[in-house]
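# Fold and contact review
If you want the building blocks of each chain, they are given just below.
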Amino acid sequence: MAKRMTVKEKERVARILALLDKEYGTDYRCYLEHDSAWQLLIATMLSAQCTDARVNIVTKDLFVKYPSIEAFAKADREELEQDIRSTGFYRNKAKNIIACCQKLLLEFHGEVPSDLESLTSLAGVGRKTANVIRGNIFNEPSIVVDTHVKRISRKLGLTKEKDPEKIEYDLMHVLPKDHWILWNIHIITLGRTICTARSPQCETCFLKDECPAAK
DNA sequence: CTCCCGATAT
DNA sequence: ATATCAGGAG
């Protein structure tokens with residue numbers, strides 16, 4: 001995406017946002033169930049290459065068995081691996097969760113930090129997971145580039161990049177700040193229902209008139 | 001770039 | 001059978 005948007009492109013983006021707001025509302029609802037910052041952090045770590053529905057099934061029991069950061073920090077690695085097995089990548093995820101929680105206790109007083117640098121210094125926490133925490137827990141305007149945001153932002157012509165960090169910067173220029181957090185939720189909702197990766201339903205999509213890929 | 005990996009839809 | 005799922009690290 002060019003650094004400067006034309007007036008017409010700004011208007012198109014505004015129409016897209018209005019259509020999304022109209023269809024899905026502007027209430028922010030996180031798809032990963034949690035009742036604390038550290039729970040959302042672990043749920044998001046588990047969500048790598050896994051559906052949010054599966055993560056919610058696993059975390060329902062997981063957060064009963066491990067009710068605190070301390071519990072995860074001293075967890076038996078092989079036992080935790082089995083507890084989270086169905087989310088995939090379970091060896092990496094178990095190792096990362098334990099190391100992450102140990103570091104939270106040792107270096108962050110058991111509190112989930114709010115800045116990008118601290119968050120991404122935690123094992124298994126990359127830019128995407130860090131931005132989920134910043135947006136959801138701390139209400140910091142942040143763009144989360146996951147598989148749906150990547151695919152659909154490119155389809156809509158809002159970026160031509162493939163690198164998530166470059167996509168993030170493009171979207172920061174294209175989207176008004178008050179829609180940064182909402183963009184993820186709306187695009188994920190769209191991506192799970194209409195604009196799926198395997199068989200997008202362009203004919204019935206409410207964005208088809210604004211989407212270059214629908215023609 | 002590769003590897004990690006089970007569950008599900010197509 | 002294969003592509004895909006709220007990615008991250010080496």
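Residues numbered from 1 in each chain as written. Chains lettered and ligands numbered in written order. Predicted model: local features only at pLDDT ≥ 70, side-chain atom pairs only at ≥ 80, totals over all residues. Heavy atoms only, no water.

## As for the side chain of Q39
For Q39, the location among the structural elements is in helix α2 (residues 37-46). Side-chain polar atoms of Q39 contact the backbone nitrogen of D35, separated by 2.9 Å. Beyond its immediate chain neighbours, meaning those up to four positions away, Q39 contacts H34 and F63. (Helix = DSSP H or I, 4+ residues; strand = E, 2+ residues; numbered from the N terminus. Polar contact = N/O pair within 3.5 Å; in protein donor to acceptor, adjacent residues only side chain to side chain. Contact = heavy atoms within 4.5 Å.)

## Some remarks on helix α10 (residues 164-174)
Burial in α10 covers these residues: I167, E168, D170, L171 and V174. One side of α10 carries all its buried residues, which in axial view fall inside an arc of 165°. Tucked into the core, α10 has its buried residues touching α1 (7-24), α8 (127-136), α9 (147-155) and α11 (180-193). (Buried < 20%, exposed > 50% of the residue type's maximum accessible area, 1.4 Å probe, protein only. Arc of directions from axis to C-beta.)

## Some points on the environment of K103
The topology assignment puts K103 in helix α6 (residues 90-107). When residues no more than four places from it in sequence are discounted, the contact partners of K103 are F108, S121 and L122.

## Comments concerning the nonpolar core
In this structure, L41, I42, L62, F72, L80, I84 and I97 are the most contacted members of the largest nonpolar core, which totals 38 residues. Of all elements in the fold, only α2, α3 (52-65), α4 (69-73), α6 and α8 reach the threshold of two or more residues within this core. Ignoring sequence-local partners within four residues, the contact set of F72 consists of W38, I42, L62, F63, Y66, L80, I97, I98 and C101. Counting residues in each nonpolar core, the second largest holds 25 residues, with I152, L156, L175 and C211 among its members. (Core = buried A, V, L, I, M, F, W, Y, C linked by side-chain atoms within 4.5 Å.)

## Observations regarding the protein's contact with DNA strand B
What surrounds DNA strand B is the set Q49, R54, R85, S86, G88, F89, Y90, R91, N92 and R198. Backbone atoms, meaning sugar and phosphate, form 56% of the atoms of DNA strand B found within 4 Å of the protein. F89 has a polar backbone atom sitting 3.0 Å from a sugar or linking oxygen of DNA strand B. The separation between a phosphate oxygen of DNA strand B and a polar main-chain atom of N92 is 3.2 Å. No other element matches α6, which puts three residues into the surface near DNA strand B. Residue classes in the surface near DNA strand B are distributed as two nonpolar, four polar and four charged. (Near = heavy atom within 4 Å. Nonpolar A, V, L, I, M, F, W, Y, C, P; charged D, E, K, R; others polar.)

## Considerations on the UniProt feature "binding site: [4Fe-4S] cluster" (unreviewed entry) in chain A
This chain's UniProt record puts "binding site: [4Fe-4S] cluster" (unreviewed entry) on C195, C202, C205 and C211. What stands out for the annotated residues spanning 17 residues is how close their C-alpha atoms remain, the widest pair being 11.1 Å apart. Taken from the residues named earlier, the lining of the largest cavity is made up of C195, C202, C205 and C211. Mapped onto the secondary structure, C202 falls in the segment after α11. For C202, a relative accessible area of 22% corresponds to the partly exposed category. Here C205 lies in the segment after α11. (UniProt positions renumbered as here; feature names shortened; annotations may be inferred. 1 Å grid on protein atoms, 1.4 Å probe; cavity = no way out; pocket = protein on both sides within 12 Å on 5 of 7 lines; lining within 4 Å.)

## Considering the domain arrangement of chain A
As far as domains go, chain A holds domain 1 (7-28 + 143-214) and domain 2 (37-136). Taken over C-alpha atoms, the centre of domain 1 sits 27 Å from the centre of domain 2. Each partner contributes to the interface: domain 1 provides 10 residues, whereas domain 2 provides seven residues. Interface area, domain 1 with domain 2, both sides summed: about 700 Å², of which 46% is carbon and sulfur. Considering only the surface of domain 1 that becomes buried against domain 2, Y28, V144 and E168 emerge as the three largest contributors, covering 49% of it. Linking domain 1 to domain 2 there are three salt bridges. (Domains from an automatic or database assignment. Buried area = accessible area lost by both parts, 1.4 Å probe. Salt bridge = Lys/Arg side-chain N within 4 Å of Asp/Glu carboxyl O.)

## Let's talk about the layout of surface pockets
Summary: where empty space remains is shown by rolling a probe the size of a single water molecule over the atoms. Considered as a void within the structure, the largest pocket measures approximately 1,000 Å³ in volume. Taken together, 41 residues make up the lining of the largest pocket; nearest its centre are S47, A48, K128, D146 and T147. Only α2, α6, α8, α9, α10 and α11 provide two or more residues apiece to the lining of the largest pocket. Its residues placed into classes, the lining of the largest pocket shows 16 nonpolar, 16 polar and nine charged. Both domain 1 (7-28 + 143-214) and domain 2 (37-136) contribute no fewer than three residues apiece to the lining of the largest pocket. (Points joined across faces, edges and corners; volume = space filled by probe spheres on them.)

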